[in-house]
Amino acid sequence: MDNKTLFRRAKVACERAYAPYSDFHVGAAVLTASGEVFEGANVENASYGATICAERVAVSKAVTEGHKDDITAIAIASSGTDTAFPCGICRQFIFEFGDDIRIIVGKDEAHLEEYAISELLPNGFREFS
Ligand code: THU
């Protein structure tokens, strides 16, 4: 699946965000080696710190469906007008499942950028490495 198609999936997922506090909708689409896609959106909470980001929802869905070892890419889209990069916690969360996972972001589908998670999170933490 190409980056534009995956980004479009993230954009659609964005519409399913639960974000009554920030009104900032984020969508993420995780691609596996076999071509499966797992979508997620941010889910906020009245106790703000309990909010979970779109990326962690999507990665958790993939991992709990058996894809801990074959996540190849994650596209991230938002309701904002500029590029939404994954937050620090999400970078570490993604890094857990591979240093070569490709991160696809952009302000729209015509301006996509691609990074390896290890570029966005140099020297990410691993307990056993
Ligand atoms: N958010 C994400 O979903 N992903 C990120 O990488 C950063 C922020 C969400 C959390 C919150 O619901 C909203 O964006 C505003 O911070």
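Draft legend 1. The arrangement of the overall build of the protein in detail. When helices and strands are tallied, the protein shows four helices and five strands. Element order for the protein, N to C, with α for helix and β for strand: α-β-β-α-β-α-β-β-α. For the protein, whose C-alpha radius of gyration is 14 Å, the value lies close to the compact-globule estimate of 14 Å for 129 residues. Counting only C-alpha atoms, the protein reaches 40 × 35 × 25 Å along its principal axes.

Draft legend 2. Here's a closer look at the pairing of strand β4 (residues 102–106). With four of its five residues buried, β4 lies for the most part within the structure. Assessed by its sense of winding, the connection that carries the chain from strand β3 (residues 71–78) through helix α3 (residues 88–95) to β4 is right-handed.

Draft legend 3. Representation of the site of the ligand. Around the ligand sit Ser 22, Phe 24, Val 26, Asn 42, Glu 44, Thr 51, Cys 53, Ala 54, Glu 55, Phe 85, Pro 86 and Cys 87, and those are all the residues in its vicinity. Between Ala 54 and the ligand, the recorded distance is 3.0 Å, taken from a backbone N or O atom to an oxygen atom. Out of a free accessible area of 380 Å², the ligand has 76% covered by protein chains. Broken down by class, the residue content of the shell around the ligand amounts to seven nonpolar, three polar and two charged.

So, how was this worked out
Residues numbered from 1 in each chain as written. Predicted model: local features only at pLDDT ≥ 70, side-chain atom pairs only at ≥ 80, totals over all residues. Heavy atoms only, no water. Helix = DSSP H or I, 4+ residues; strand = E, 2+ residues; numbered from the N terminus. Rg over C-alpha atoms; globule rule 2.2 N^0.38 Å. Buried < 20%, exposed > 50% of the residue type's maximum accessible area, 1.4 Å probe, protein only. Right-handed = clockwise from strand over helix to strand, strands pointing away. Near = heavy atom within 4 Å. Polar contact = N/O pair within 3.5 Å; in protein donor to acceptor, adjacent residues only side chain to side chain. Areas by Shrake-Rupley, 256 points an atom, 1.4 Å probe, with all protein chains shown as cover. Nonpolar A, V, L, I, M, F, W, Y, C, P; charged D, E, K, R; others polar.

Spatial relationships are all this shows, so hold off on functional conclusions.
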